[in-house]
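Chain residues, written in single-letter form:
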Number of protein chains: 2
Amino acid sequence: MRNEPEMIIHLIGRLREKANRFITAELERRSMGGLKPVHGDVLFALFKYGNLSMKQIAEIVDRKKSTVTTLVEKIIKAGYAEKNIDDNDNRFFIISLTDKGRGLKDDLIDISDKMIKKVYKDMPTEERVQLVSSLAKLNDNW
Amino acid sequence: MRNEPEMIIHLIGRLREKANRFITAELERRSMGGLKPVHGDVLFALFKYGNLSMKQIAEIVDRKKSTVTTLVEKIIKAGYAEKNIDDNDNRFFIISLTDKGRGLKDDLIDISDKMIKKVYKDMPTEERVQLVSSLAKLNDNW
DNA sequence: CTATAATAGTCCGACATCGGACTAAGGGGG
DNA sequence: CCCCCTTAGTCCGATGTCGGACTATTATAG
(Lines give C-alpha, C1' and ligand atoms only; values in the text may rest on other atoms or scores of the structure.)
Protein backbone atom coordinates (compact mmCIF):
# COMPACT_ATOMS: atom_id res chain seq x y z
CA MET A 1 0.00 0.00 0.00
CA ARG A 2 2.65 2.46 1.06
CA ASN A 3 4.73 2.23 -2.08
CA GLU A 4 1.98 2.18 -4.65
CA PRO A 5 2.24 4.82 -7.32
CA GLU A 6 -1.07 6.30 -6.11
CA MET A 7 0.73 7.49 -3.02
CA ILE A 8 2.82 10.00 -4.91
CA ILE A 9 0.69 13.07 -4.21
CA HIS A 10 0.51 12.18 -0.57
CA LEU A 11 4.26 11.67 -0.32
CA ILE A 12 5.01 14.90 -2.11
CA GLY A 13 2.68 16.80 0.17
CA ARG A 14 4.34 15.46 3.29
CA LEU A 15 7.85 16.11 2.04
CA ARG A 16 7.02 19.64 1.09
CA GLU A 17 5.49 20.21 4.50
CA LYS A 18 8.55 18.88 6.30
CA ALA A 19 10.89 20.96 4.18
CA ASN A 20 8.82 24.01 4.94
CA ARG A 21 8.94 23.42 8.66
CA PHE A 22 12.66 22.77 8.57
CA ILE A 23 13.40 26.00 6.73
CA THR A 24 11.07 28.00 8.94
CA ALA A 25 12.84 26.67 12.03
CA GLU A 26 16.26 27.49 10.57
CA LEU A 27 15.19 31.04 9.75
CA GLU A 28 13.89 31.39 13.29
CA ARG A 29 17.14 30.05 14.74
CA ARG A 30 19.12 32.69 12.85
CA SER A 31 16.91 35.49 14.12
CA MET A 32 15.25 35.92 10.77
CA GLY A 33 12.01 35.10 12.48
CA GLY A 34 8.95 36.37 10.71
CA LEU A 35 10.46 35.31 7.41
CA LYS A 36 9.09 32.15 5.82
CA PRO A 37 10.49 29.87 3.14
CA VAL A 38 8.78 31.84 0.42
CA HIS A 39 10.60 34.99 1.53
CA GLY A 40 13.80 33.02 1.23
CA ASP A 41 12.80 32.14 -2.33
CA VAL A 42 12.37 35.81 -3.14
CA LEU A 43 15.75 36.70 -1.66
CA PHE A 44 17.37 33.82 -3.52
CA ALA A 45 15.90 35.11 -6.75
CA LEU A 46 17.36 38.54 -6.04
CA PHE A 47 20.79 37.07 -5.32
CA LYS A 48 20.67 35.14 -8.53
CA TYR A 49 19.17 37.62 -10.97
CA GLY A 50 19.90 40.99 -9.39
CA ASN A 51 17.11 43.55 -9.65
CA LEU A 52 13.68 42.27 -10.51
CA SER A 53 10.20 43.61 -11.10
CA MET A 54 7.23 42.44 -9.04
CA LYS A 55 5.96 40.40 -11.96
CA GLN A 56 9.30 38.70 -12.48
CA ILE A 57 9.43 37.76 -8.83
CA ALA A 58 5.91 36.37 -9.06
CA GLU A 59 6.95 34.15 -11.96
CA ILE A 60 10.13 32.92 -10.33
CA VAL A 61 8.59 32.04 -6.98
CA ASP A 62 5.35 30.89 -8.62
CA ARG A 63 2.95 33.08 -6.68
CA LYS A 64 0.24 35.50 -7.78
CA LYS A 65 1.01 39.17 -8.18
CA SER A 66 -1.19 40.08 -5.26
CA THR A 67 0.71 37.67 -3.04
CA VAL A 68 4.03 39.14 -4.10
CA THR A 69 2.83 42.59 -3.10
CA THR A 70 2.49 41.41 0.51
CA LEU A 71 5.68 39.38 0.39
CA VAL A 72 7.92 42.15 -0.88
CA GLU A 73 6.30 44.62 1.50
CA LYS A 74 7.41 42.44 4.39
CA ILE A 75 10.94 42.00 3.08
CA ILE A 76 11.26 45.73 2.64
CA LYS A 77 9.90 46.39 6.11
CA ALA A 78 12.56 44.04 7.47
CA GLY A 79 15.17 46.14 5.65
CA TYR A 80 16.42 43.47 3.26
CA ALA A 81 15.31 45.09 0.02
CA GLU A 82 14.07 48.32 -1.49
CA LYS A 83 11.63 49.30 -4.18
CA ASN A 84 12.08 51.98 -6.82
CA ILE A 85 10.09 53.01 -9.85
CA ASP A 86 11.59 52.17 -13.21
CA ASP A 87 12.34 55.49 -14.93
CA ASN A 88 11.84 54.10 -18.40
CA ASP A 89 8.44 52.55 -17.74
CA ASN A 90 6.56 53.89 -14.79
CA ARG A 91 4.40 50.81 -14.52
CA PHE A 92 7.35 48.81 -13.24
CA PHE A 93 8.93 48.70 -9.84
CA ILE A 94 12.54 47.64 -9.45
CA ILE A 95 13.18 45.51 -6.39
CA SER A 96 16.78 45.34 -5.22
CA LEU A 97 18.68 44.06 -2.21
CA THR A 98 20.04 46.36 0.45
CA ASP A 99 23.41 45.71 2.11
CA LYS A 100 21.55 44.06 4.95
CA GLY A 101 19.80 41.85 2.41
CA ARG A 102 23.04 40.86 0.71
CA GLY A 103 24.35 39.90 4.14
CA LEU A 104 21.82 37.06 4.29
CA LYS A 105 23.30 35.20 1.38
CA ASP A 106 25.65 32.95 3.32
CA ASP A 107 22.93 32.04 5.77
CA LEU A 108 20.50 31.12 3.04
CA ILE A 109 23.05 29.01 1.22
CA ASP A 110 23.85 27.30 4.48
CA ILE A 111 20.20 26.55 5.14
CA SER A 112 19.83 25.18 1.65
CA ASP A 113 22.85 22.89 2.10
CA LYS A 114 21.59 21.61 5.42
CA MET A 115 18.21 21.01 3.88
CA ILE A 116 19.67 18.87 1.13
CA LYS A 117 21.67 16.80 3.60
CA LYS A 118 18.60 16.37 5.74
CA VAL A 119 16.30 15.30 2.96
CA TYR A 120 18.62 12.86 1.21
CA LYS A 121 20.54 11.59 4.18
CA ASP A 122 22.48 8.55 2.94
CA MET A 123 20.72 8.05 -0.38
CA PRO A 124 23.31 7.18 -3.04
CA THR A 125 24.03 9.72 -5.74
CA GLU A 126 22.65 7.63 -8.58
CA GLU A 127 19.34 7.28 -6.82
CA ARG A 128 19.20 11.03 -6.17
CA VAL A 129 19.83 11.78 -9.80
CA GLN A 130 17.25 9.25 -10.92
CA LEU A 131 14.70 10.63 -8.49
CA VAL A 132 15.15 14.24 -9.55
CA SER A 133 15.11 13.26 -13.18
CA SER A 134 11.78 11.49 -12.73
CA LEU A 135 10.32 14.41 -10.80
CA ALA A 136 11.47 16.82 -13.49
CA LYS A 137 9.75 14.65 -16.08
CA LEU A 138 6.47 14.79 -14.17
CA ASN A 139 6.75 18.55 -13.95
CA ASP A 140 7.38 18.88 -17.67
CA ASN A 141 4.50 16.60 -18.58
CA TRP A 142 2.04 18.92 -16.98
CA MET B 1 21.16 22.72 -13.54
CA ARG B 2 17.59 21.57 -13.85
CA ASN B 3 18.27 17.97 -12.89
CA GLU B 4 20.66 18.53 -10.05
CA PRO B 5 19.68 16.94 -6.77
CA GLU B 6 19.45 20.41 -5.18
CA MET B 7 16.36 21.02 -7.24
CA ILE B 8 14.31 18.46 -5.40
CA ILE B 9 12.56 20.84 -3.01
CA HIS B 10 11.73 23.15 -5.83
CA LEU B 11 10.34 20.35 -7.97
CA ILE B 12 8.29 18.96 -5.15
CA GLY B 13 6.84 22.35 -4.41
CA ARG B 14 5.77 22.87 -8.00
CA LEU B 15 4.24 19.42 -8.33
CA ARG B 16 2.28 19.83 -5.16
CA GLU B 17 1.02 23.19 -6.36
CA LYS B 18 -0.10 21.77 -9.68
CA ALA B 19 -1.82 18.83 -8.05
CA ASN B 20 -3.61 21.21 -5.74
CA ARG B 21 -4.86 23.35 -8.57
CA PHE B 22 -5.99 20.32 -10.54
CA ILE B 23 -7.98 18.89 -7.66
CA THR B 24 -9.49 22.27 -6.80
CA ALA B 25 -10.63 22.67 -10.41
CA GLU B 26 -12.15 19.17 -10.45
CA LEU B 27 -14.04 19.84 -7.22
CA GLU B 28 -15.32 23.04 -8.73
CA ARG B 29 -16.40 21.28 -11.92
CA ARG B 30 -18.46 18.82 -9.90
CA SER B 31 -20.21 21.60 -8.00
CA MET B 32 -18.32 20.86 -4.85
CA GLY B 33 -17.01 24.40 -5.04
CA GLY B 34 -15.80 25.78 -1.77
CA LEU B 35 -14.19 22.46 -0.96
CA LYS B 36 -10.43 22.25 -1.33
CA PRO B 37 -8.07 19.28 -1.62
CA VAL B 38 -7.60 19.14 2.12
CA HIS B 39 -11.35 18.70 2.59
CA GLY B 40 -11.13 15.83 0.14
CA ASP B 41 -8.40 14.34 2.33
CA VAL B 42 -10.68 14.52 5.34
CA LEU B 43 -13.54 12.88 3.46
CA PHE B 44 -11.19 10.19 2.15
CA ALA B 45 -10.09 9.48 5.69
CA LEU B 46 -13.71 9.09 6.75
CA PHE B 47 -14.44 6.71 3.87
CA LYS B 48 -11.45 4.64 4.80
CA TYR B 49 -11.60 4.55 8.58
CA GLY B 50 -15.24 5.26 9.36
CA ASN B 51 -15.86 7.52 12.33
CA LEU B 52 -12.93 9.56 13.59
CA SER B 53 -12.16 12.04 16.34
CA MET B 54 -10.85 15.50 15.57
CA LYS B 55 -7.41 14.50 16.71
CA GLN B 56 -7.34 11.41 14.53
CA ILE B 57 -8.31 13.48 11.52
CA ALA B 58 -5.56 15.94 12.34
CA GLU B 59 -3.00 13.15 12.35
CA ILE B 60 -4.21 11.56 9.15
CA VAL B 61 -4.35 14.74 7.11
CA ASP B 62 -1.27 16.17 8.86
CA ARG B 63 -2.79 19.43 10.02
CA LYS B 64 -2.95 21.07 13.44
CA LYS B 65 -5.96 20.57 15.67
CA SER B 66 -6.99 24.18 15.32
CA THR B 67 -6.96 23.86 11.55
CA VAL B 68 -9.10 20.74 11.69
CA THR B 69 -11.69 22.61 13.73
CA THR B 70 -12.24 25.00 10.82
CA LEU B 71 -12.03 22.25 8.22
CA VAL B 72 -14.61 19.98 9.80
CA GLU B 73 -16.87 22.93 10.51
CA LYS B 74 -16.98 23.65 6.80
CA ILE B 75 -17.61 20.04 5.84
CA ILE B 76 -20.46 19.86 8.33
CA LYS B 77 -21.91 23.15 7.11
CA ALA B 78 -21.90 21.68 3.60
CA GLY B 79 -23.86 18.72 4.94
CA TYR B 80 -21.28 16.00 4.28
CA ALA B 81 -20.58 15.03 7.87
CA GLU B 82 -21.84 15.37 11.40
CA LYS B 83 -20.30 15.71 14.81
CA ASN B 84 -21.40 13.98 18.02
CA ILE B 85 -19.94 13.77 21.47
CA ASP B 86 -18.44 10.46 22.49
CA ASP B 87 -20.57 9.13 25.34
CA ASN B 88 -17.70 7.25 26.94
CA ASP B 89 -15.27 10.16 27.00
CA ASN B 90 -16.78 13.61 26.73
CA ARG B 91 -13.53 15.14 25.57
CA PHE B 92 -13.92 13.44 22.20
CA PHE B 93 -16.09 14.29 19.25
CA ILE B 94 -17.04 11.61 16.78
CA ILE B 95 -17.09 12.80 13.19
CA SER B 96 -19.08 10.67 10.77
CA LEU B 97 -20.29 10.94 7.19
CA THR B 98 -23.88 11.73 6.31
CA ASP B 99 -25.63 10.08 3.36
CA LYS B 100 -24.79 13.13 1.32
CA GLY B 101 -21.17 12.71 2.32
CA ARG B 102 -21.09 9.04 1.40
CA GLY B 103 -22.47 10.06 -2.00
CA LEU B 104 -19.22 11.84 -2.78
CA LYS B 105 -17.12 8.72 -2.71
CA ASP B 106 -17.31 7.88 -6.42
CA ASP B 107 -16.49 11.43 -7.38
CA LEU B 108 -13.47 11.56 -5.14
CA ILE B 109 -12.15 8.25 -6.40
CA ASP B 110 -12.66 9.46 -9.93
CA ILE B 111 -10.75 12.66 -9.25
CA SER B 112 -7.94 10.67 -7.68
CA ASP B 113 -7.71 8.38 -10.72
CA LYS B 114 -7.66 11.30 -13.12
CA MET B 115 -4.99 12.95 -11.03
CA ILE B 116 -2.75 9.88 -11.24
CA LYS B 117 -3.15 9.66 -15.00
CA LYS B 118 -2.39 13.34 -15.32
CA VAL B 119 0.71 13.32 -13.17
CA TYR B 120 2.38 10.20 -14.58
CA LYS B 121 1.18 10.42 -18.15
CA ASP B 122 3.23 7.86 -20.08
CA MET B 123 5.87 7.13 -17.44
CA PRO B 124 6.60 3.38 -17.42
CA THR B 125 5.49 1.38 -14.40
CA GLU B 126 8.99 0.51 -13.22
CA GLU B 127 9.95 4.15 -13.13
CA ARG B 128 6.79 5.01 -11.17
CA VAL B 129 7.54 2.35 -8.63
CA GLN B 130 11.14 3.44 -8.31
CA LEU B 131 10.12 7.06 -7.93
CA VAL B 132 7.58 6.38 -5.22
CA SER B 133 9.97 4.08 -3.43
CA SER B 134 12.63 6.78 -3.35
CA LEU B 135 10.14 9.39 -2.14
CA ALA B 136 8.93 7.05 0.58
CA LYS B 137 12.52 6.58 1.67
CA LEU B 138 13.05 10.33 1.98
CA ASN B 139 9.89 10.59 4.04
CA ASP B 140 10.98 7.83 6.37
CA ASN B 141 14.44 9.28 6.85
CA TRP B 142 12.99 12.42 8.28
C1' DC C 1 -10.09 11.56 47.47
C1' DT C 2 -7.94 15.53 46.09
C1' DA C 3 -4.27 17.98 43.53
C1' DT C 4 -1.79 17.67 39.46
C1' DA C 5 -0.86 16.20 34.84
C1' DA C 6 -2.38 14.81 30.44
C1' DT C 7 -5.55 15.05 26.68
C1' DA C 8 -9.27 16.84 23.20
C1' DG C 9 -10.85 20.55 21.39
C1' DT C 10 -11.81 25.67 20.60
C1' DC C 11 -10.73 30.46 20.16
C1' DC C 12 -7.87 34.20 18.71
C1' DG C 13 -4.57 36.86 16.16
C1' DA C 14 -1.29 36.69 12.48
C1' DC C 15 -0.31 35.82 7.87
C1' DA C 16 0.31 33.54 3.14
C1' DT C 17 -2.52 32.90 -0.55
C1' DC C 18 -5.87 33.52 -4.09
C1' DG C 19 -9.25 35.63 -7.40
C1' DG C 20 -11.13 39.38 -9.02
C1' DA C 21 -11.97 44.25 -9.26
C1' DC C 22 -9.58 48.30 -9.77
C1' DT C 23 -5.92 52.03 -11.04
C1' DA C 24 -2.23 53.74 -13.65
C1' DA C 25 0.76 53.67 -17.49
C1' DG C 26 2.16 52.41 -22.14
C1' DG C 27 1.38 50.89 -27.06
C1' DG C 28 -1.02 50.77 -31.46
C1' DG C 29 -4.37 51.66 -35.03
C1' DG C 30 -7.38 54.81 -37.33
C1' DC D 1 -3.90 62.65 -31.28
C1' DC D 2 -7.49 60.00 -29.20
C1' DC D 3 -9.71 55.50 -28.04
C1' DC D 4 -8.92 50.87 -26.82
C1' DC D 5 -6.30 47.01 -25.46
C1' DT D 6 -2.52 45.30 -22.79
C1' DT D 7 0.35 45.25 -18.86
C1' DA D 8 2.18 46.08 -13.84
C1' DG D 9 0.79 46.50 -9.66
C1' DT D 10 -2.44 47.25 -5.58
C1' DC D 11 -6.51 46.59 -2.80
C1' DC D 12 -10.03 43.81 -0.74
C1' DG D 13 -12.48 39.92 1.10
C1' DA D 14 -12.27 35.06 1.89
C1' DT D 15 -9.98 31.21 3.66
C1' DG D 16 -6.42 27.66 5.08
C1' DT D 17 -2.91 27.48 8.33
C1' DC D 18 -0.34 27.94 12.48
C1' DG D 19 1.03 28.68 17.44
C1' DG D 20 -0.29 29.51 21.69
C1' DA D 21 -3.54 30.50 25.29
C1' DC D 22 -7.57 28.76 27.17
C1' DT D 23 -11.51 25.44 28.76
C1' DA D 24 -13.29 21.10 29.86
C1' DT D 25 -12.75 16.42 30.82
C1' DT D 26 -10.24 12.34 32.24
C1' DA D 27 -6.28 9.87 34.32
C1' DT D 28 -2.89 9.42 37.89
C1' DA D 29 -0.12 9.89 42.00
C1' DG D 30 0.26 10.41 46.77
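Higher on the page you've got the structure.
Here's a quick rundown of the structure. Owing to the predicted nature of the structure, the values given are computational and were not obtained by experimental measurement. Sequence order as written defines the numbering, with residues in each chain counted from 1. A letter from A marks each chain and a number from 1 marks each ligand, given out in the order of writing. Per-residue local features are limited, in this predicted model, to residues with pLDDT of at least 70; the limit for side-chain atom pairs, both in listing and counting, is 80 or more; totals at the level of whole chains, interfaces and linings are taken over all residues.

### Let's talk about the overall build of chain A
To keep things clear, this is the line we draw: Only DSSP runs of H or I with at least four residues qualify as helices, and only runs of E with at least two residues qualify as strands; both kinds are numbered from the N terminus onward. Burial is judged by counting the other C-beta atoms within 10 Å of a residue's own C-beta: 20 or more makes it buried, 12 or fewer makes it exposed, and any count in between marks it as partly exposed, with every C-beta position built from the backbone. Residue pairs qualify as contacts under a 7 Å threshold applied to their C-beta atoms, which are placed from the backbone.
What chain A contains, in helices and strands, is seven helices and two strands. Order of helices (α) and strands (β) in chain A, N terminus to C terminus: α-α-α-α-β-β-α-α-α. C-alpha atoms of chain A, sized along the principal axes, occupy 55 × 35 × 25 Å. Taken over 142 residues, chain A has a buried fraction of 27%. Pairs at least 24 apart in sequence give 41% of the contacts found in chain A among residues at least 6 apart.

### Overview of the relation of the copies chain B and chain A
Here is the rule we go by: Copy-to-copy superposition: least squares on the C-alpha atoms, limited to residues that have pLDDT of at least 70 in both copies.
Turning chain B through 180 degrees and shifting it by 0.0 Å along the axis lays it on chain A, with an RMSD of 0.1 Å. These values place the two chain copies in the arrangement generated by a two-fold rotation axis. A share of 100% of interface residues in chain B that are also interface residues in chain A marks the association as one of identical surfaces.

### Observations concerning the protein's contact with DNA strand D
Applied cut-off: Here, nearness means that the C-beta atom of a residue, built from backbone geometry, sits within 6 Å of the molecule or strand in question. When residue character is reported, Ala, Val, Leu, Ile, Met, Phe, Trp, Tyr, Cys and Pro are called nonpolar, Asp, Glu, Lys and Arg charged, and the others, Gly included, polar.
In the vicinity of DNA strand D, 21 residues are found, and the nearest of them are M54, K55, S66 and T69 of chain A together with S66 of chain B. Put simply, the parts of the chain that give the surface near DNA strand D at least two residues each are α3 (54-61) and α4 (65-77) of chain A together with α4 (65-77) of chain B. Per element, the largest residue contribution to the surface near DNA strand D is five residues, and it comes from α4 of chain B. Taken together, the residues of the surface near DNA strand D sort by class into five nonpolar, seven polar and nine charged.

### Describing the protein's contact with DNA strand C
Lining the immediate environment of DNA strand C, one finds 22 residues, of which S66 of chain A together with M54, K55, S66 and T69 of chain B sit closest. Elements supplying a minimum of two residues to the surface near DNA strand C: α4 of chain A together with α3 (54-61) and α4 of chain B. When residues of the surface near DNA strand C are assigned to their parent elements, the largest contribution, five residues, is made by α4 of chain A.

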